[in-house]
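Close look at the chain arrangement
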Amino acid sequence: MSSASPPTPREQVAVPVFTAHTADTAPAAARRTIEGVRRRLGWLPAPVALMAESPQLLSGFLTANKGFEQTDLSPLEREVVVFAVATTNECHVCVALHTGALTSLGATAEMVTALRSGSPLPEPRLEALRRFTLAVLDHRGAVPDDELEDFLVAGYQPRHALDVVLGVGTYTISTFANRLTRAPLDPPLSPHAWTPAA
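Rules and cut-offs
Residues numbered from 1 in each chain as written. Predicted model: local features only at pLDDT ≥ 70, side-chain atom pairs only at ≥ 80, totals over all residues. Heavy atoms only, no water. 1 Å grid on protein atoms, 1.4 Å probe; cavity = no way out; pocket = protein on both sides within 12 Å on 5 of 7 lines; lining within 4 Å. Points joined across faces, edges and corners; volume = space filled by probe spheres on them. Helix = DSSP H or I, 4+ residues; strand = E, 2+ residues; numbered from the N terminus. Salt bridge = Lys/Arg side-chain N within 4 Å of Asp/Glu carboxyl O. Buried < 20%, exposed > 50% of the residue type's maximum accessible area, 1.4 Å probe, protein only.

1. Observations concerning the layout of surface pockets
Space inside the largest pocket adds up to approximately 770 Å³. Lining the largest pocket are 30 residues, and of these Arg 40, Asn 65, Glu 69, Leu 97 and Tyr 171 sit closest to its centre. Among the secondary structure elements, those contributing two or more residues to the lining of the largest pocket are helix 1 (28-41), helix 2 (46-51), helix 3 (55-69), helix 4 (75-88), helix 5 (92-104) and helix 9 (158-180).

So this is what it looks like as structure tokens:
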């Protein structure tokens, strides 16, 4: 009786699982959405093209983002929230994209560097917002009373705490989807390329 040799592991071949869609290849329910994004930006970001595989995911993210943009947090404050989520979740695409957004808002080089590195911000109120956002992430919403109190003492209202939760939820969708689909960095974002600290 001959003894069979053990099976050898199959060679792993890197085959893309997710498709970067265009308006022509996307599921019908996503076509109008991605065409609208392309018209608005002048190009179709890879993350949007990849999210289009699930029209509901793409629509859900964009709808949540629109709601986040309508909160009482200022554009700069919203970017602080986004950076806290993006750097924590190590989404290189989000950090690069929002570096451009920060620059267009006139943020100082010191602030951009601090947000990209996860360092304390020079402005105390924005630093309180950054710390509170990290607390929401770290404690999965169950922020300790003293950390919530610090946020409120900095001049924020209870509604702002909930606005932060909306931002965390919105950008958890984006960062997780971008990491899952291995979204590449689009050429227009290459000047803002980012890698997590070792």
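Back to the text.
2. With respect to the pattern of salt bridges
Here the structure, examined in full by the defined rule, presents seven salt bridges. For Arg 125, the salt bridge is made with Glu 77, and the minimal N-O distance between the two is 3.4 Å. Residue Arg 125 is located in helix 7 (residues 124-138), and its partner Glu 77 is located in helix 4; the two are separated by 48 residues in the primary sequence. Look at Glu 77 and you get buried, because its relative accessible area is 9%. Taken together, the salt bridges that share partners define one network made up of Glu 35, Arg 38 and Arg 39.

Scope: geometric values only; no functional claims are made or implied.
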